[in-house]
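# Summary of structural features
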Amino acid sequence: MKSKTKPTTKKVKRANGYTRVAVDKERRSDANKAIAYLRTEHEKNTSKCHHGFPWQGHCAHVVACAYGSKSGANESPGGGSYSGWNAFQGWLATAEKYRRDGRNMDDPPRGALCFWKGGKYGHVAISNGRGKIWGNDAPTNARIGLVPLPWFASHWGYTYVGWVWPDEVAGW
């Protein structure tokens, strides 16, 4: 999953106030596969991943499954694996030079991992590149869904902290 091409940093201001960040070809391909996986799980209306591990409350596992990550994997009750880190730990463990601050209103690019601070573990989901994110427990518990980026702030009271490319996040 490591990107071999130089990341693009071109930004384009959009009418909605967000800034769009361009995505290189390899990252876009990885993102499309991850999003296709989550879209399929959403359409199947499943409550568990292909390992048999429940979606509910396991956002780090959701993004790991979507990207096919096995790094830091531990045995799950269903015999599969899960990511081995919680959302906010993943954000904090990632070097600051890779973290994109959520306060500057950047529209996270397609496939970026978006992080929130709140609750015991925080939350992580995958950007669709158009101001929405794919993840678990939103808008329905124990299911995969697509919601606007501010959804976790308005519904759970979580604070959006920013985004990281999946190939730069610590712990994978």
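Cut-offs and rules
Residues numbered from 1 in each chain as written. Predicted model: local features only at pLDDT ≥ 70, side-chain atom pairs only at ≥ 80, totals over all residues. Heavy atoms only, no water. Helix = DSSP H or I, 4+ residues; strand = E, 2+ residues; numbered from the N terminus. Buried < 20%, exposed > 50% of the residue type's maximum accessible area, 1.4 Å probe, protein only. Polar contact = N/O pair within 3.5 Å; in protein donor to acceptor, adjacent residues only side chain to side chain. Salt bridge = Lys/Arg side-chain N within 4 Å of Asp/Glu carboxyl O. Phe/Tyr/Trp six-rings, centres within 6.5 Å; stacked < 30°, edge-to-face > 60°. Pairing = 2+ DSSP bridges. Contact = heavy atoms within 4.5 Å. Axes fitted to C-alpha atoms, helices over the stretch in contact; angles between N-to-C directions. pLDDT = per-residue confidence, 0-100. Core = buried A, V, L, I, M, F, W, Y, C linked by side-chain atoms within 4.5 Å.

### Some words on the side chain of Asp167
Structurally, Asp167 can be placed in the segment after β11 (159-164). The exposure class of Asp167 is buried, given its relative accessible area of 11%. Within polar-contact distance, the side chain of Asp167 engages the side chain of Arg27 at 3.1 Å.

### Overview of the pattern of salt bridges
Counted under the stated rule, the structure contains five salt bridges. Note that Asp24 is salt-bridged to Arg27, the shortest N-O span being 3.9 Å. Each of the two residues, Asp24 as well as Arg27, counts as buried. Each of Asp24, Arg27, Arg100, Asp167 and Glu168 takes part in salt bridges that share partners, so that together they form one network.

### Considerations on the packing of aromatic side chains
This structure, assessed with the given rule, holds eight aromatic pairs. Look at Phe152 and Trp156: their rings are 4.7 Å apart centre to centre, the planes differ by 65 degrees, and that puts the pair in the edge-to-face class. One end of the pair is Phe152 and the other is Trp156, both in helix α4 (residues 151-156) and four residues apart, which spans about a single turn. The exposure class assigned to Phe152 is buried, which follows from its relative accessible area of 0%.

### Observations concerning the sheet that holds strand β9 (residues 132-136)
Sheet strands line up and pair through hydrogen bonds in the backbone, either parallel or antiparallel. Strand order in the open sheet formed by six strands is β5-β11-β7-β8-β9-β10, and the pairing between neighbours is antiparallel. Strands at the two margins of the open sheet, each flanked by one partner only, are β5 (100-101) and β10 (144-148). As paired elements, strand β7 (residues 113-117) and strand β8 (residues 123-127) share four bridges and run antiparallel to each other. Its bridge partner being in β8, Trp116 is matched across the sheet by His123. Helix α2 (residues 59-67) contacts β7, β8, β9 and β10 of the sheet and is inclined by roughly 30 degrees relative to β8.

### Focus on the confidence of the model for the protein chain
When pLDDT is averaged along the protein chain, the result is 82, and 76% of the positions lie at 70 or above. For the stretch residues 1-9, pLDDT sits under 50, and the model shows 20 contacts to residues farther than four places along the chain or on other chains. Across residues 70-82 the pLDDT falls below 50, and counting only partners more than four positions away or on other chains, this stretch makes 27 contacts in the model.

### Points about unusual backbone geometry
With an omega of 0 degrees, the peptide bond between Ala138 and Pro139 qualifies as cis. Position of Pro139 among the secondary structure elements: in the loop between β9 and β10. At Asn45, a residue that is not glycine, the phi angle is positive and equals roughly 55 degrees. Along the chain, the position of Asn45 falls in the loop between α1 (25-44) and α2. A residue is classified by how much of its surface remains accessible, and Asn45, at 48% relative accessible area, is partly exposed. One non-glycine residue with positive phi stands out, namely Asp137, at about 65 degrees. Of note, Asp137 is situated in the loop between β9 and β10. A relative accessible area of 7% places Asp137 in the buried class.

### Section: the nonpolar core
Counting 28 residues, the largest nonpolar core has Tyr37, Leu38, Trp55, Leu113, Phe115, Val124 and Ile126 as its most contacted members. Residue assignment for this core shows that the elements contributing at least two residues are α1, α2, α3 (87-93), β7, β8 and β11. A total of seven residues in this core trace back to one element, the largest contributor, which is α2. Residues Cys114, Trp116, Leu149 and Trp165 belong to the second largest nonpolar core, which totals 15 residues.

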